[in-house]
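Overview (structure and organization)
Each chain, written out:
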Amino acid sequence: MTGDVRAGRNRLRIGLISGPMVRIPPPGYAGTERIVAVLLEELVNRGHDVTLIGPGDSDVPCRVIPTIDHALWTSGMRGDATPYVQVTIETAWSAQHEFDVMHSHLDTLCFSLARHATTPVVHTLHGRLDLPGLPELFAEFTDIPLIAISESQRRWHPENNWLATVHHGLPLEQAPFSAEPGDYLAFVGRIAPEKGVDVAIELARRTDVPLRIAAKVHEVDEEQLFERHVAPALKDGHVTFEGELASEPRDELMAGALATVMLGAWPEPFGLVAIESMATGTPVIARRAGALPEIIRHGENGFLIDDIGEADLAVREAAKLDRAKIRSEVIERFSVERMVDEYEDVYRMLARGSDDRRNGSARPSIKAVRNAETPVA
């Protein structure tokens, strides 16, 4: 396939739409933007004509149509980003004629663009889809093409136009590896209520296993949670706060841990930290919620728990798992190549339907185009 693309056949003009908060690739913690970065790079490697519609300070191997000169977090901006998101959408709208397909990573914010644009716009949804107002929004936009990042994420809206479920992929083979279990627990992500940092701290106290936290604290609610739960724990010796780490030191932190904990009682739409931890050989102890049961195989690469009592047991069992096997299996299951193969299938499906319309054929629905193709989900 790659050779055909580079020879000029099946080469697509793809516009990737990214938000204004974080540049590509992201300098620190960022889930969505990291996926955009690896997707973009692999599409370029496969010979596609890729354009990033996003922050102008992005450092990518393709053309950038800047929506803002500097990503908002880089410039220190906090608070409501709605005006900048509107600029992003308008910029994408103005450039749509340059592409065969556009791929939005703005969650639900580009739905109107997808409905009214003449170029196909597909959305990968990165967040939870059960929040107030979303049922009404999804009921209105049953026609636009969507991609889920887990079966769990899409289950509340079965009537919508889901073209595929594409689990994330990362270049996990680059992760450091430790064959021996460490003597601490790792928490990586955000200091946010849904991430369960308070439960992780309680587990560290209960098991007398130190907890090392590598997490961002940007928003007001994150700062408040830090002061309420993390700051006091720093004084009693159970917890070390590492701050927001770049990729290499974050991965080294996970590689050296006994286990990585993901104890938030919320439906994780995917859970990048889980696959990153397992790539270092470190098992994951996670709440049985959201997409994590699609990633974690209980007793093989981690443990799915329902309460802190089970988490306590999981900590005592974690050292028994085969860390080399954990690493090899996750690298195979969640590769960049597999992820981009599945996205390419969707892009070609949508571009073919768009070509049919330009050539004067009867306008098929996206679902009809999908049904004519080999299933990608």
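Preceding this section is the structure that the text describes.
Quick summary incoming for the structure in this document. (Residues numbered from 1 in each chain as written. Predicted model: local features only at pLDDT ≥ 70, side-chain atom pairs only at ≥ 80, totals over all residues. Heavy atoms only, no water.)

Turning our eyes to something else, we now look at the sheet that holds strand β7 (residues 162-165). Taking strand neighbours across the sheet as the criterion, the seven strands line up as β3-β2-β1-β4-β5-β6-β7 in an open arrangement whose pairing is parallel. Sheet topology places β3 (63-68) and β7 at the edges, where each strand pairs with a single neighbour. Between one strand and the next, the sheet's axes are offset by a mean angle of 20°, whatever the strand orientation. Across five bridges, the pairing between strand β2 (residues 49-55) and β3 is parallel. The partner of Thr51 across the bridge, within β3, is Arg63. (Pairing = 2+ DSSP bridges. Helix = DSSP H or I, 4+ residues; strand = E, 2+ residues; numbered from the N terminus. Axes fitted to C-alpha atoms, helices over the stretch in contact; angles between N-to-C directions.)

With that settled, the discussion passes to the side chain of Ser335. Tracing the chain through its elements places Ser335 in the loop between α13 (323-333) and α14 (336-358). The residues contacting Ser335, other than those within four sequence positions of it, are Gly169 and Leu170. (Contact = heavy atoms within 4.5 Å.)

For the rest of this paragraph, the subject is the sheet that holds strand β8 (residues 185-190). The six strands lie next to each other as β10-β9-β8-β11-β12-β13, forming an open sheet whose pairing is parallel. Strand pairing shows two members of the sheet lacking a second neighbour, β10 (239-243) and β13 (302-305), which therefore form its edges. Geometrically, the sheet is characterised by an average inter-axis angle of 25° between neighbouring strands, direction not taken into account. Summarising the sheet, β8 and strand β11 (residues 259-262) pair through two bridges and their orientation is parallel. Across the sheet, the residue bridging to Leu185 is Ala259, located in β11. Across the face of the sheet, helix α7 (residues 197-207) comes into contact with β8, β9 (211-216), β10, β11 and β12 (284-287) while running at roughly 165° to β9. Contacts from helix α12 (residues 308-317) reach β8, β12 and β13 within the one sheet, and its direction differs from that of β13 by about 170°.

Considering all chains together, one arrives at two cavities of 30 Å³ or more under this definition. Its boundaries defined by the atoms lining it, the largest cavity holds a volume of some 70 Å³. The wall of the largest cavity is formed by Arg128, Leu129, Asp130, Ser152, Gln153, Arg155, Trp156, Pro267, Glu268 and Pro269. Residues of the lining of the largest cavity, tallied by class, amount to four nonpolar, two polar and four charged. (1 Å grid on protein atoms, 1.4 Å probe; cavity = no way out; pocket = protein on both sides within 12 Å on 5 of 7 lines; lining within 4 Å. Points joined across faces, edges and corners; volume = space filled by probe spheres on them. Nonpolar A, V, L, I, M, F, W, Y, C, P; charged D, E, K, R; others polar.)

On to α13. Buried residues of α13: Arg323, Ile326, Arg327 and Val330, and no others. Take α13 and look down its axis: the buried residues cluster within an arc of 95°, on one side only. The secondary structure elements touched by the buried residues of α13 are α9 (247-255) and α10 (272-279). (Buried < 20%, exposed > 50% of the residue type's maximum accessible area, 1.4 Å probe, protein only. Arc of directions from axis to C-beta.)

Attention shifts here to the packing of α7 against helix α8 (residues 220-235). Relative orientation of the contacting elements α7 and α8 amounts to 15°, with a least axis distance of 10 Å. By the criterion of interaxial angle, the relationship of α7 to α8 is roughly parallel. Of the two possible hands of crossing, α7 and α8 adopt the one that is left-handed. Contacts between α7 and α8 involve Val197, Asp198, Ile201 and Arg205 from the former and Leu225, His229, Val230 and Ala233 from the latter. Across the contact of α7 with α8, the residue classes tally to five nonpolar, one polar and two charged. (Parallel < 35°, antiparallel > 145°, perpendicular 65-115°, else oblique. Left-handed = near helix turned anticlockwise from the far one by under 90°.)

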